Every structure is written in C-alpha cells, then in structure tokens.
Amino acid sequence: MVQQENICAETLQTAEEPRRKISARKRKTPAFLRNWSLYLLLLPTTVYLLIFCYVPILGSVVAFKDYNAFLGIWNSPWAASGGFQHFINFVTMPNFWNILGNTLVLSIASIIFNTILPVIFALFVNELRWDWSKKTVQVISYAPYFISTVVVVGMLFSFSSIETGVINKIITLFGGDPVNVMESKGAFAAVYVISGLWQGLGWWSIVYFGALSNVDKELHEAAVLDGAGRFRRIWHINLPTILPMVIIMFIMSIGNMLNVGFEKVYLMQTSGNLETSEIISTYVYRVSMLANVPQYSYATAIGLFNSFINIILLVIANVISKRVSETSLW
C-alpha cells in the first residue's frame, strides 16, 4: 500500500511538472505579450486619439508666432513680447470684458439650470406610479434633443416674429404691443437658456434615471414603516443616491464653462442682440474665418487662453469637491 501511494504521488508530481513550468513561463512573460489581444482592440482608438487629438496640439505653437501661410508653422517668426503678444492683444482689447462677461453669463446660467432642473425632473418622474406613464413622459422629453440646432433656432425666429409669431399673437391678444424677442439684447440669455432646457432636459436626466433604478426598494419599505412621506423618502433616499453623479456632472460642466455652444449662439445672433450675444467662440470665428485678413495666430491664442482657463476651473472644482464631498474625477 505504501509503495502504491508513493507511485501515485510520483505520478502526480510528474504530471504537474509541465503545468508548473507553463505557469512559471507565464509569470516571466510580460503582461503586454500575455494580453496582446486586448491591446489589439485598443489600437484603433489609440491611433485615432493620437492623430486627431494629440498631434494637433503641436499646432498650438501658432499662438506664439506671427503665422505666415507661405512660410509654414515652424518657419514663421515668433510674435513680440516673447511670443505672448497675441494674448496681450486679446486681454487688452476694448471689448474683452464684454465678450468674457457674455460668455460667463450664458455659461453659468446654463450650468445652474442644466444641473438642477434635470435632477428635479428625474426625481419627480421616478415617482410616477404607472410604468406606462413614466415611459411616455421620458420619450416625450427625449424627443426635442434629436431636433437639429438649426431647426430649433428657426423655430425661435418663427415663434417670435412680429407679424406671424405665436408669442406676439398672445401678447396682442391681451392688449400688449408686439415685441421682437430675437432682436432684444436683454432677452438673449433667457431665450438661449430656456430653449436649451426644452431641447435637452429629458436627455440630460437619463443618467439620473439610471442611478435611481439602482435604489434599494427595501430602504423605501423601511422608511414607509417608519412613517416617512414621499418627499421625505425622495430627500433622504433618492437624492443621496444620485448626488455623486450630480457632482461629477457639475465638475465636468465647470471644466467646459467657457466653451458655450458656438452653433446655437451664432445662429441666434442679430444686429440688435450682438452686444450681449458676442462670446469668445463667435469672436474667434469672426477674426479667423470671416475677416478679410484672417488672424490665425490671434484666433489660436484666444482658443488656447480659453482652454487654459477651463483647465484651471476644472482642477479647482475637482479639489473643492474632493474636500467637501469626497467625490471627484480623480
């Protein structure tokens, strides 16, 4: 019996030796070679990012030069003041503060309303008792997001028309005088934010609907047994569940504070509202693409200035959020 056990043990050791050798070889093999198939899947995305996201960064050197198309980027002479002349020109131009102020007004108003209202919308739609009504409201609220920005702006001009617009028809019906809303510089920010909410409210709330679907029903059942009403349960159960997601979305919005949507603002601009509708992105378009003598270096410097401020705001918002709520992007 003892001999048979020894023979069995030797046989097992002999059979396990190749496996041990293979596992030892795997441990010695670099992780890159062991997981080559996964890295192969990442290759197309990596190439795309390198070509379209990282290589163009080299072109930012134009902001520090007096770009000449015949000389090229690298042979063009450096700008005055150590290459920072275009930045100085932008900061010291007469309407700098007006453009920056318009950008901040539109951006801050959009961030506040686009962060708070989708959360409220998601919380209340989540409380609908019938699934069919909840799905119906969600589909109706999603639909405007798929309407083109050009169409939305066209609808705004049509609704606010002095002769045939619905808005002025209602105003005159109650004895008021017709108002050309799209030509009013005081109404531009309100029209921009409200139309943006109508178009994107349902879409922005999708993330919060997904987070609310993970709320433990037992928490609500226990709260009901303790006598908590619906608003108490929303405040103490649902809201804390989606709060980390709200903070993340808010931080990302802060990082894009100066990147107000160019297309919609440009399409909404008229001679009457230009004083309050001119923002950084539309100004860059005017001095680079619409100017008789395009100022590519100047426009690139403005864009670089814009990105630099966004990065600073993003880092500040992330640090504050991490200290206050322990939720952050990194």
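The sections below set out a description of the structure shown in this document.

1. Comments concerning the overall build of the chain
Part 1: In terms of regular secondary structure, the chain is built from 16 helices and 0 strands.
Part 2: Its C-alpha atoms give the chain a radius of gyration of 29 Å, clearly above 20 Å, the size a compact globule of 330 residues would have.
Part 3: Along the three orthogonal principal directions, the C-alpha set of the chain runs to about 110 × 70 × 35 Å.
Part 4: Residue burial in the chain is summarised as follows: out of 330 residues, 31% are buried.
Part 5: Relative to all contacts within the chain whose residues are 6 or more apart in sequence, the contacts with residues 24 or more apart total 63%.
Part 6: Roughly 21,500 Å² of accessible area belongs to the chain as shown, and the carbon and sulfur atoms make up 67% of that amount.
Part 7: Mean positive and mean negative side-chain charge positions of the chain (22 and 18 charges, respectively) differ by 7 Å.

2. Description of the side chain of Thr270
Part 1: Tracing the chain through its elements places Thr270 in the loop between helix 13 (262-268) and helix 14 (274-277).
Part 2: Thr270 gets classed as buried once you look at its relative accessible area, which sits at 14%.
Part 3: Apart from residues lying up to four places away in sequence, Thr270 is in contact with Phe157, Met182 and Glu183.

3. With respect to the nonpolar core
Part 1: Phe90, Met93, Phe96, Ile280, Tyr283, Tyr298 and Ile302 are the most contacted members of the largest nonpolar core, which has 17 residues in total.
Part 2: Contributing elements (two or more residues each) for this core: helix 4 (85-92), helix 5 (96-126), helix 15 (280-290) and helix 16 (296-325).
Part 3: For this core, the element with the most residues is helix 16, which contributes 5 residues.
Part 4: In this view, Tyr298 contacts His86, Asn89, Phe90, Met93, Tyr283 and Val287; residues no more than four positions away in its chain are not counted.
Part 5: Membership of the second largest hydrophobic core comes to 16 residues, among which are Val125, Phe209, Leu212 and Val246.

4. Looking at the packing of helix 11 (residues 217-225) against helix 12 (residues 230-255)
Part 1: At their nearest, the axes of helix 11 and helix 12 sit 11 Å apart, and the two run at 150 degrees to each other. If you check the angle between helix 11 and helix 12, you find them roughly antiparallel. Considering only the axes of helix 11 and helix 12, their crossing is right-handed. Residues Leu219, His220, Ala223 and Val224 of helix 11 form the contact with helix 12, whose participating residues are Arg233, Ile237 and Asn238.
Part 2: The residue makeup of the contact of helix 11 with helix 12, split by class, is 4 nonpolar, 2 polar and 1 charged.

5. Re the side chain of His220
Part 1: Counting through the fold element by element, His220 comes out in helix 11.
Part 2: Every residue in contact with His220, bar those within four places of it in the chain, is listed here: Val215, Arg233, Ile237 and Asn238.

6. A word on the pattern of salt bridges
Part 1: Scanning all chains against the criterion turns up 3 salt bridges.
Part 2: Among the ionic pairs, Arg230 bridges to Glu127, the shortest N-O distance being 3.6 Å. Taken together, the residues span a long stretch of sequence, with Arg230 in helix 12 and Glu127 in the loop between helix 5 and helix 6 (131-142) at a distance of 103 residues.
Part 3: Given a relative accessible area of 34%, Arg230 falls into the partly exposed group.
Part 4: Salt-bridge contacts for Glu278 lead to Arg286; the nearest nitrogen and oxygen are separated by 3.2 Å.
Part 5: The exposure class of Glu278 is buried, given its relative accessible area of 10%.

7. Focus: the environment of Asn306
Part 1: Positionally, Asn306 belongs in helix 16.
Part 2: C-alpha of Asn306 to C-alpha of Asn256: the two residues are 50 residues apart in sequence and 9.5 Å apart in space.
Part 3: Every residue in contact with Asn306, bar those within four places of it in the chain, is listed here: Leu258, Asn259 and Ile280.

8. Some details on a nonpolar patch on the surface
Part 1: A contiguous nonpolar patch, built from Trp36, Leu40, Leu43, Val47, Tyr48, Leu49, Leu50, Ile51, Phe52, Tyr54 and Ile57 and spanning about 1,200 Å² of accessible area, is present on the exposed surface.
Part 2: As for its position among the elements, Ile57 is in the loop between helix 3 (36-54) and helix 4.

9. A short note on unusual backbone geometry
Part 1: Phi at Ser81 takes a positive value of approximately 60 degrees, unusual for a residue other than glycine.
Part 2: In this fold, Ser81 is placed in the loop between helix 3 and helix 4.

10. Some thoughts on the packing of aromatic side chains
Part 1: According to the stated counting rule, one finds 20 aromatic pairs in the structure shown.
Part 2: Here the aromatic rings of Phe262 and Tyr285 are separated by 5.2 Å at their centres, their planes lie at 55 degrees, and the arrangement is tilted. Here Phe262, found in helix 13, pairs with Tyr285, found in helix 15; they are 23 residues apart in sequence, far enough to count as distant.
Part 3: On the accessibility criterion, Phe262 (24% relative accessible area) is partly exposed.
Part 4: Taking the relative accessible area as the measure of exposure, Tyr285 reaches 28% and is therefore partly exposed.
Part 5: One aromatic cluster is present, formed by Phe90, Phe96, Trp97, Tyr283, Tyr298 and Phe305 through successive ring pairs.
Part 6: Lys65 extends its terminal NZ or CZ atom over the ring of Trp78, reaching a point 4.7 Å from the ring centre.
Part 7: The cationic tip of Lys264 hangs over the ring face of Tyr192; the distance from NZ or CZ to the ring centre is 5.0 Å.

Criteria and cut-off values
- Residue numbers here run from 1 along each chain, matching the order of that chain's written sequence.
- pLDDT decides what is reported in this predicted model: residues at 70 or higher carry local features, side-chain atom pairs at 80 or more are listed and counted, and totals for whole chains, interfaces and linings draw on all residues regardless.
- Just so you know, side-chain values use all the structure's heavy atoms and leave hydrogens and water out.
- Under the scheme used here, helices are H or I runs from DSSP no shorter than 4 residues and strands are E runs no shorter than 2 residues, and both carry numbers assigned from the N terminus.
- Restricting the calculation to C-alpha atoms gives the radius of gyration, and the globule rule supplies 2.2 Å times the number of residues raised to the power 0.38.
- We call a residue buried when its accessible area falls under 20% of the maximum for its residue type, exposed when it is over 50%, and partly exposed in between, using a 1.4 Å probe and counting protein chains only.
- Between two residues, a contact is recorded if the distance between any of their heavy atoms is within 4.5 Å.
- Each accessible area is a Shrake-Rupley estimate made with a 1.4 Å probe; only the visible protein chains count as cover when residues are assessed.
- Charge assignment in this entry is limited to Lys and Arg as positive and Asp and Glu as negative, and neither His nor the chain termini are counted.
- A charge is said to be at NZ when it belongs to Lys, at CZ for Arg, at CG for Asp and at CD for Glu.
- Buried Ala, Val, Leu, Ile, Met, Phe, Trp, Tyr and Cys residues that are joined via side-chain atoms within 4.5 Å together make up what is termed a nonpolar core.
- To get an axis, a line is fitted to the C-alpha atoms, and for a helix only the part in contact is used. The angle between two axes follows their N-to-C directions and goes from 0 to 180 degrees.
- Just so you know how the angles are binned, under 35 degrees is roughly parallel, over 145 roughly antiparallel, 65 to 115 roughly perpendicular, and the rest oblique.
- Helix crossings fall into two classes, left-handed where the near helix is turned counterclockwise from the far one by less than a right angle and right-handed where it is turned clockwise.
- In the scheme used here, Gly and all other residues not listed as nonpolar or charged are polar, with Ala, Val, Leu, Ile, Met, Phe, Trp, Tyr, Cys and Pro taken as nonpolar and Asp, Glu, Lys and Arg as charged.
- Here a salt bridge means any side-chain nitrogen of Lys or Arg lying within 4 Å of a carboxyl oxygen belonging to Asp or Glu.
- Here, patches come from residues exposed beyond 30% relative accessible area and free of salt bridges, joined within 9 Å for like charges and within 5 Å for nonpolar side chains (Val, Leu, Ile, Met, Phe, Trp, Tyr).
- Each Phe, Tyr or Trp ring, with Trp reduced to its six-membered ring, pairs with another whose centre is within 6.5 Å; inter-plane angles below 30 degrees give stacked pairs, above 60 give edge-to-face pairs, and intermediate values give tilted ones.
- Only lysine NZ and arginine CZ atoms are considered, and such an atom sits over a ring when it is within 6 Å of the ring centre and within 35 degrees of the ring normal.

That's the geometry; what it means functionally is another story.
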